[in-house]
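# Chain and residue survey
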Amino acid sequence: MAGIYVHIPFCKSKCRYCDFTSFPDKLCLAESYMACVYREMAMRKSELESKTFDTLYIGGGTPSVIDEQYIAMLVAAAKRNFRLSEGAEITVEINPGTISQKKVDLYKKCGINRFSVGLQTAVDSQLRDLGRIHTLNEFITCARLLKGENFSVDVMIGLKGQTIDDILKTIDVAAAFGASHISMYALSPEDGTPIYTDYLNGELPDSDEVAQMYAAGCEKLKSLGFERYEVSNFAKDGKRSRHNLNYWKRGEYIGFGVSASSFINGVRFTDTFDLDEYFKCILSGALPVISSEKIAGDDIKDEYIMLALRTSDGIERAEYKALFGKDFCDEFSAQLQKVGIYLDISADRIRIKDQYLFVQNSIIVEFLSK
Ligand code: SF4
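What comes next is a walk through the structure. Everything quoted here is computed from the prediction, not taken from an experiment.

## Concerning the overall build of the chain
- Along its length, the chain carries 15 helices and 15 strands.
- On C-alpha atoms alone, the chain measures out to a radius of gyration of 21 Å, which is about the 21 Å that the 2.2 N^0.38 rule sets for 370 residues.
- Each principal axis of the C-alpha atoms in the chain carries an extent, and together these give about 55 × 50 × 40 Å.
- Looking at the chain as a whole, 39% of its 370 residues qualify as buried.
- Looking at the chain alone, contacts between residues at least 24 apart form 71% of all its contacts between residues at least 6 apart.

## Concerning helix 2 (residues 68–81)
- Over its 14 residues, helix 2 runs 20 Å from end to end, which matches the ideal 20 Å to within 8%, given 1.5 Å per residue.
- What helix 2 keeps buried is the set Glu68, Ile71, Leu74, Val75, Ala77, Ala78 and Asn81.

## Let's talk about unusual backbone geometry
- The phi dihedral of Ser259 is positive, around 70°, even though this residue is not glycine.
- Checked against the element boundaries, Ser259 lands in the loop between strand 9 (252–256) and strand 10 (261–264).
- One non-glycine residue, Asn265, lies in positive phi territory at about 50°.

## Digging into the environment of Ile94
- Of note, Ile94 is situated in strand 3 (residues 83–94).
- Note: C-alpha distance between Ile94 and Ala174 (80 residues apart in sequence) is 14 Å.

About the cut-offs
Residues numbered from 1 in each chain as written. Predicted model: local features only at pLDDT ≥ 70, side-chain atom pairs only at ≥ 80, totals over all residues. Helix = DSSP H or I, 4+ residues; strand = E, 2+ residues; numbered from the N terminus. Rg over C-alpha atoms; globule rule 2.2 N^0.38 Å. Buried ≥ 20, exposed ≤ 12 C-beta atoms within 10 Å, placed from the backbone. Contact = placed C-beta atoms within 7 Å. Expected span 1.5 Å × (residues − 1).

This is the structure in structure tokens:
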């Protein structure tokens, strides 16, 4: 299995916490940018003809801010250049402030069968504080347009002034309006973003408070029938994101567009983050790759362990043995002594205990430290 990711780097305005590659003032370049993305796909066509892709994920930025025709042409370009499996999962990210019936209709018509909606919080004052362009009411309108569709909702925790009740309300709203999948992320205040000043001023919840928010959110999601399958991702039965599961399974994926990353034939590589550079490369017939690294030796194992331990399924011992030729518990007996109290170890798998999944990063770092 392999996936395709396409990055659409345009937004209406920049959110206060955003450090993604997204440009709030360059929407006029959307047509030429998309033409370059279609061309980049064509440039990769022959190299990837032996692969079958099971997912296409259109992310950003805000894909729903550009004309829906470009998205339809993008799906067509993916199908023209690559072999997509029958029933491939095709997702587009939607900002509730940039959606309409016309857009949803064309998305569905061109084959998009999954939607990822950025709500973040159901409290309007918090949305304003984050710099989001939409209100709760616009989310509700968006969810009504997606009625009966398979859609995911993003929920953020750790916001300034946020209470546990705010989080439970946000989850309730997302579930009540039909979300089949919820991603619940903690706000990460990145240096260089406006929200970092709030963090330095001590205005954001501390890590203990965020952990309590996460625990309460998990309980709520469980009570509504959402099963956690990765630290931040919760799905109704059969609605796990195949695209993300592929990342955590160390599956292959190809990325198109500025800042998109890829993992193909054991090599990880990334497209330029610079929009002008991206245009220059594509228009001169060159691939816009700025860095690449062959993953080899122990790094393969480390990646596999790091990714698998993020998921509720954890490491399958039989799969590990098939891939690396050794029993996981024999090979890592010393590490298991170090962090064993955080793990469930059974005959068929090793996974981080539910109550520690939120701090999986430090457990994994400890596990992998030599
Ligand atoms: S909508 Fe998303 S990508 Fe755009 S500025 Fe906000 S957080 Fe960043």
